Amino acid sequence: MKKFLSILWKAAVVFTSIFILPAVIACIITFDLNVYMSWITSPFYCAIMFITSMIATGAMVDNLEEIS
């Protein structure tokens, strides 16, 4: 059970990092928090990044199991 929760926690961190990273980078480049908020609340951004994050997290699960 402890190993499962460890893998689940690491997968959540990877998913979240991949999901918000493009918006954070855009926010840093423009020095405007409104850019971050508009990207994160955009349905198109959420759809694309959800699919991308799921694929990347799924690909990394094998590596996450080795780390645990």
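Small disclaimer: the values here were computed from a predicted structure and weren't measured.

(A) The arrangement of a nonpolar patch on the surface in detail. Together, M1, F4, L5 and L8 give the surface a local cluster of nonpolar side chains, amounting to about 470 Å² of exposed area. If you trace the backbone, L8 turns up in helix α1 (residues 2-30). Relative accessible area serves as the criterion here: at 47%, L8 is assigned to the partly exposed category.

(B) Inspection of unusual backbone geometry at higher detail. With phi around 55°, F31 is a residue other than glycine that occupies positive phi space. Of note, F31 is situated in the loop between α1 and α2 (33-40). Residue classification places F31 among the exposed positions, given a relative accessible area of 76%.

(C) Spatial organisation of the packing of α1 against α2. Two numbers describe how α1 lies on α2: the axes approach to 7 Å, and their chain directions differ by 155°. Overall, the two elements α1 and α2 adopt an arrangement that is roughly antiparallel. Along this stretch, α1 crosses α2, giving a crossing that reads as right-handed. Residues F19, I20, P22, A23, V24, A26, C27 and T30 of α1 form the contact with α2, whose participating residues are L33, V35, Y36, W39 and I40. Class assignment of the residues belonging to the contact of α1 with α2 gives a composition of 12 nonpolar, 1 polar and no charged.

(D) Local environment of the packing of aromatic side chains. Counting across every chain of the model gives 4 aromatic pairs. On the basis of an interplanar angle of 15° and a centroid distance of 6.1 Å, the ring pair of F15 and F19 is categorised as stacked. In this pair, F15 and F19 are both assigned in helix α1, 4 residues apart and thus about one turn of the helix distant. Looking at F15, the relative accessible area reads 21%, which means it is partly exposed. Ring centres of F19 and Y45 lie 5.8 Å apart, and the angle between their planes is 70°; this geometry places the pair in the edge-to-face category. Taken as a pair, F19 in helix α1 and Y45 in helix α3 (residues 43-67) lie far apart in primary sequence, 26 residues in all. Neither F19 nor Y45 differs from the other in exposure class; each is buried. Every member of this aromatic cluster is reached through a ring pair, and the members are F15, F19, W39, Y45 and F50.

Criteria and thresholds
Residues numbered from 1 in each chain as written. Predicted model: local features only at pLDDT ≥ 70, side-chain atom pairs only at ≥ 80, totals over all residues. Heavy atoms only, no water. Patch = residues over 30% accessible without salt bridge, like charges linked within 9 Å, V, L, I, M, F, W, Y side chains within 5 Å. Areas by Shrake-Rupley, 256 points an atom, 1.4 Å probe, with all protein chains shown as cover. Salt bridge = Lys/Arg side-chain N within 4 Å of Asp/Glu carboxyl O. Helix = DSSP H or I, 4+ residues; strand = E, 2+ residues; numbered from the N terminus. Buried < 20%, exposed > 50% of the residue type's maximum accessible area, 1.4 Å probe, protein only. Axes fitted to C-alpha atoms, helices over the stretch in contact; angles between N-to-C directions. Parallel < 35°, antiparallel > 145°, perpendicular 65-115°, else oblique. Left-handed = near helix turned anticlockwise from the far one by under 90°. Contact = heavy atoms within 4.5 Å. Nonpolar A, V, L, I, M, F, W, Y, C, P; charged D, E, K, R; others polar. Phe/Tyr/Trp six-rings, centres within 6.5 Å; stacked < 30°, edge-to-face > 60°.

Everything listed is a geometric property; what it means functionally is a separate question.
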